[in-house]
Each structure stands twice: as structure tokens, then as C-alpha cells.
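What follows is the residue order along each chain.
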Amino acid sequence: MAGVHVVGSFNVDHVWRVAHLPQPGATLSGSYATGPGGKGFNQAMAARRAGAATRFVCALGDDAGAQLARGLCASDGIALHAAASSAPTGTAGIYVDAEGRNCIVIGAGANAALAADFVTQALADVATGDVVLAQLESPLDAIACALDAGRAARALCLLNPAPANVAIDETMLLRADVLTPNETEFAALLARHVGTRIDADAVAGLDQPRLHALCRELLPQGTVIITLGASGCFVSHPDTQRCGDTAACYRIAAEPAQVVDTTGAGDAFNGALAASLAQRPELSFIEHVRFAGRYAARSTEQAGAALAMPHLPAA
Ligand code: RIB
């Protein structure tokens with residue numbers, strides 16, 4: 001069966017739960033926890049726990065964080081390809097408020113040392129039907145190589161353009177078969193690539209024809225899924241390539257959830273989407289998206305990032 005190849009970051013997350021997210025100059029009290037995270041690793045855990053054979057390509061330091069990554073990959077059955085770096089393993093400081101919303105500061109550390117050559121070698125055996133999934137917490141030349149390896153093998157290439165503050169150029173967009181921004185990332189991409197300025201908070205409220213037209217301008221050759229948190233998601237396909245769907249665009253409502261922590265919810269969606277696409281190619285695209293939405297909703301009901309990914313039986 002086809003597998004999922006995730007290229008991206010591993011971070012040790014340091015998480016403070018607070019009543020309200022801090023304002024500048026504020027000192028707050030909160031409860032503290034630490035655990036594994038990083039968008040790449042969270043997505044790899046989601047893909048694996050959603051049942052897919054999963055490889056994770058990253059860079060790690062020589063420290064306790066790296067041991068944590070290695071131990072979890074071994075226990076969850078993720079094939080780890082980790083480049084060694086003299087920098088400390090990546091870290092993230094995360095505040096989570098009483099409603100489960102977060103804000104995050106990343107210390108890239110070893111993640112910044114992921115080299116393009118290492119990625120190319122690690123992905124030498126990607127096969128047609130596999131899924132390659134990348135985000136933007138690693139060097140962009142390494143991400144480009146990951147997507148190039150996927151394209152060369154006629155694997156499906158998913159690009160999650162997160163976080164929003166990392167600017168990518170047109171050539172990176174052209175490498176994606178499926179692009180999965182949240183509303184903040186979508187607004188940033190529109191401003192940069194389409195020249196259209198829309199407030200991120202307004203994205204979910206745009207009508208379907210307008211959203212579809214913007215997606216088509218942004219990624220004419222590929223599918224765009226805008227994840228909209230509590231408003232669900234919006235899917236836009238090129239008219240000539242609907243991936244088994246009857247409609248070229250549609251909305252899917254959010255799955256109800258008892259939200260504890262939204263950290264990593266987007267990662268859960270991406271990992272589960274990749275797993276579903278790799279494992280069940282016979283399904284229409286809307287079924288993959290529904291599955292990913294349900295999986296992401298369940299992930300928000302646990303605190304933490306990578307360890308909040310639900311276990312599902314293999315397909
Ligand atoms: O998407 C959530 C993740 O973003 C966290 O786990 C943190 O490490 C940052 O990479």
C-alpha cells in the first residue's frame with residue numbers, strides 16, 4: 001500500500017495554559033507542560049496514527065529533544081530519517097487560552113539545518129501513489145526538493161503553507177498538487193501572489209464563488225483546501241481536475257468537538273488527509289476531506305500537539 005512521506009520540523013513544545021493570551025508587558029500565571037511537536041512531526045504522527053505507513057524526514061540536535069523524537073518514532077512505527085545538527089533540537093513556546101486558542105514562538109534550532117541533499121536521498125524511493133507532505137518550518141530549498149522528489153515519482157504533493165509569516169515564491173506553489181492554508185495563510189498568500197488584500201478574519205465569510213475565484217487565481221493548476229477552524233473548510237478544484245468530486249468547489253462544516261486545545265489541529269488535518277489519500281485512492285476527494293476534518297476535531301479534544309493525535313486502526 002502507498003505511504004506518506006512527511007518532510008518538516010520537530011520541536012520540543014513548551015506549553016503554558018493561561019486564562020487569556022498575553023498582552024505586551026503582561027506577566028501571567030499558568031500551568032506548564034512540555035511535549036513533542038513541530039508541524040512536520042505532528043503531521044507525521046497524524047498520518048501514522050490514521051493508519052498510513054509513514055516516513056518522517058527532519059533534522060535533530062544531539063540532545064534530549066532528539067531522543068524524544070527517536071523514541072516516539074520507534075514506538076509509533078514511523079520511519080525516521082534525521083539529519084544530525086550541532087544546533088539544539090527545535091523548540092516552540094506556546095500559550096493556550098481557556099478557549100483552546102494558542103499563540104506560538106518557534107526556535108528553529110536544528111530544523112534550520114535540514115539540507116536539500118539529505119531530503120533528496122531520504123526520498124529516493126518515493127513511489128507513484130505515495131503522498132509527499134511538507135510545511136514551511138524547514139529551509140525552503142529542502143522543502144522544494146521534497147516536492148520535486150514527489151513530482152518526479154508521480155506521487156501526490158501536499159503543501160501546507162504554514163506558518164503564515166514564511167514567504168514562498170511562485171515556483172514553490174507550482175510544485176503543489178494540493179495546497180492547504182488556514183485563513184491567515186490564505187490571506188498572506190493572496191496578498192503576495194494575487195495582489196488581493198483580504199483580512200484573515202473575513203475569509204470564512206466570503207461567498208463560495210468569490211472564494212473559488214481567489215483559489216483559482218492563487219493555484220490555477222491545483223486543489224486548494226482552506227481550513228477555517230470552527231467554520232470547517234472550503235475546497236476548490238480546477239474545473240478540469242475535480243479528483244472524483246462532482247462539484248468544483250464546496251464547503252464542509254466543522255465536526256463538533258469538545259475543544260481543549262487547538263494546537264496542532266491543522267497538522268492533524270494535513271496528516272490525516274495525506275493518510276487517507278495514500279490508503280484509499282478509490283474514494284472521492286470530498287471523502288478524504290471529511291475524514292481529515294473528523295480526525296482533526298478529535299485531536300482538539302486532548303491537550304498537546306503530537307501526542308493528541310488519535311490512534312485509528314490501519315485501513
Ligand atoms: O502546529 C503546531 C506546532 O507549531 C507546534 O507543535 C509547534 O511546535 C509549532 O511548530
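Keep in mind it's a predicted model, so treat the numbers as computed, not measured. (Residues numbered from 1 in each chain as written. Predicted model: local features only at pLDDT ≥ 70, side-chain atom pairs only at ≥ 80, totals over all residues. Heavy atoms only, no water.)

J.: Where do I start with helix 7 (residues 208-218) in this structure?
T.: One full turn of an α-helix is made of 3.6 residues, so residues set three or four places apart face in the same direction. Considered for burial, the residues of helix 7 that qualify are Leu 211, His 212, Leu 214, Cys 215, Arg 216 and Leu 218. The secondary structure elements touched by the buried residues of helix 7 are helix 5 (170-174), strand 10 (178-179), helix 6 (183-194), strand 11 (223-227), strand 12 (233-236) and strand 13 (249-252). Put simply, Asp 207 is the residue that caps the front of helix 7, since its side-chain oxygen is 3.0 Å from the backbone nitrogen of Arg 210. (Buried < 20%, exposed > 50% of the residue type's maximum accessible area, 1.4 Å probe, protein only. Helix = DSSP H or I, 4+ residues; strand = E, 2+ residues; numbered from the N terminus. Contact = heavy atoms within 4.5 Å. Polar contact = N/O pair within 3.5 Å; in protein donor to acceptor, adjacent residues only side chain to side chain.)

J.: For this particular structure, what's the right way to read a nonpolar patch on the surface?
T.: Nonpolar side chains collect at one region of the surface, where Trp 16, Tyr 32 and Tyr 95 lie side by side and expose about 300 Å² of accessible area between them. Checked against the element boundaries, Tyr 95 lands in strand 6 (residues 90-96). According to the relative accessible area criterion, Tyr 95 is partly exposed, its value standing at 32%. (Patch = residues over 30% accessible without salt bridge, like charges linked within 9 Å, V, L, I, M, F, W, Y side chains within 5 Å. Areas by Shrake-Rupley, 256 points an atom, 1.4 Å probe, with all protein chains shown as cover. Salt bridge = Lys/Arg side-chain N within 4 Å of Asp/Glu carboxyl O.)

J.: Any chance you could explain the layout of surface pockets here in plain terms?
T.: Empty pockets left among the atoms are what a rolling probe the size of a water molecule brings to light. A volume near 340 Å³ is recorded for the second largest pocket. Considering the residues around the second largest pocket, the lining is formed by 18 residues, among which Asp 130, Ala 155, Leu 156, Asp 177 and Leu 277 are closest to the centre. At the level of secondary structure, the elements contributing two or more residues to the lining of the second largest pocket comprise helix 8 (265-279) and helix 9 (285-299). A class-by-class count of the residues in the lining of the second largest pocket yields ten nonpolar, four polar and four charged. (1 Å grid on protein atoms, 1.4 Å probe; cavity = no way out; pocket = protein on both sides within 12 Å on 5 of 7 lines; lining within 4 Å. Points joined across faces, edges and corners; volume = space filled by probe spheres on them. Nonpolar A, V, L, I, M, F, W, Y, C, P; charged D, E, K, R; others polar.)

J.: How do you make sense of the state of the cysteines when you look at a structure like this?
T.: In a disulfide, the sulfur atoms of two cysteines are covalently bonded to one another. Per the stated rule, a full pass over the model turns up zero disulfides. In this model Cys 58 remains outside any disulfide bridge; the closest cysteine sulfur is found in Cys 73, 6.8 Å from its own. Cys 249 takes part in no disulfide bond, and the closest cysteine sulfur, belonging to Cys 215, lies 8.4 Å away. On the basis of relative accessibility, which here comes to 16%, the residue Cys 249 falls in the buried class. (Disulfide = S-S within 2.5 Å.)

J.: Whenever I open this one, the site of the ligand confuses me. Can you help?
T.: As a structural note, the neighbourhood of the ligand is formed by 13 residues, with Asp 13, Gly 38, Lys 39, Glu 137 and Asp 267 the closest of them. For the ligand, an oxygen atom lies 3.0 Å from a polar atom in the side chain of Asn 11. In the environment of the ligand, an oxygen atom lies 2.9 Å from a nitrogen or oxygen atom belonging to the side chain of Lys 39. Protein contact buries 97% of the 280 Å² of open area that the ligand shows by itself. Of all the secondary structure elements, the ones that give two or more residues to the shell around the ligand are strand 2 (11-17), helix 1 (39-49) and strand 6. (Near = heavy atom within 4 Å.)

J.: Help me understand the pairing of strand 2, please; the structure alone is not making it clear to me.
T.: Side-chain direction in a regular strand flips from residue to residue, so the side chains alternate between the two faces of the sheet. Inspection of the sheet shows strand 2 paired to strand 3 (residues 31-37) by seven bridges, in the antiparallel sense. In the sheet register, Val 15 faces strand 3, and the bridge partner there is Ala 33. Strand direction decides the pairing type here: strand 2 and strand 6, joined by seven bridges, are parallel. Residue Val 15 lies in a different strand from strand 6, and its bridge partner there is Ile 94. (Pairing = 2+ DSSP bridges.)

J.: Honestly, the environment of Ala 164 in this entry has me stumped. Any pointers?
T.: With respect to the element layout, Ala 164 can be found in the loop between strand 9 (156-159) and helix 5. On the basis of relative accessible area, Ala 164 is assigned to the partly exposed category, the value being 30%. Considered as a pair, Ala 164 and Phe 186 are 22 residues apart in the sequence and their alpha carbons are 8.1 Å apart. Ignoring sequence-local partners within four residues, the contact set of Ala 164 consists of Thr 184, Glu 185 and Ala 188.

J.: What's the story with the packing of aromatic side chains in this structure? I'm lost.
T.: In this description, an aromatic ring pair is defined by two values, namely the gap between the centres and the angle between the planes. Using the criterion set out here, one finds five aromatic pairs in the structure. Seen from their ring centres, Trp 16 and Tyr 32 are 5.2 Å apart, and the 55° between their planes marks the pair as tilted. Of this pair, Trp 16 sits in strand 2 while Tyr 32 sits in strand 3; the two residues are 16 residues apart in sequence, bridging distant segments of the chain. By relative accessible area, which is 33% here, Trp 16 ends up partly exposed. (Phe/Tyr/Trp six-rings, centres within 6.5 Å; stacked < 30°, edge-to-face > 60°.)

J.: Even after reading the chapter, I still don't get the packing of helix 1 against helix 8, so can you show me in this structure?
T.: Two packed helices can be described by the angle between their axes and the distance between those axes. Packing of helix 1 against helix 8 brings their axes to within 7 Å, and their N-to-C directions diverge by 45°. Looking at the two axes, helix 1 sits oblique to helix 8. For the element pair helix 1 and helix 8, the recorded crossing hand is right-handed. Counting all contacts with helix 1, which are made through Lys 39, Asn 42, Gln 43, Ala 46 and Ala 47, the residues of helix 8 involved are Asp 267, Ala 268, Asn 270, Gly 271, Ala 272 and Ala 275. Of the residues in the contact of helix 1 with helix 8, the class split is five nonpolar, four polar and two charged. (Axes fitted to C-alpha atoms, helices over the stretch in contact; angles between N-to-C directions. Parallel < 35°, antiparallel > 145°, perpendicular 65-115°, else oblique. Left-handed = near helix turned anticlockwise from the far one by under 90°.)

Read these as layout, nothing more, since geometry by itself doesn't imply function.
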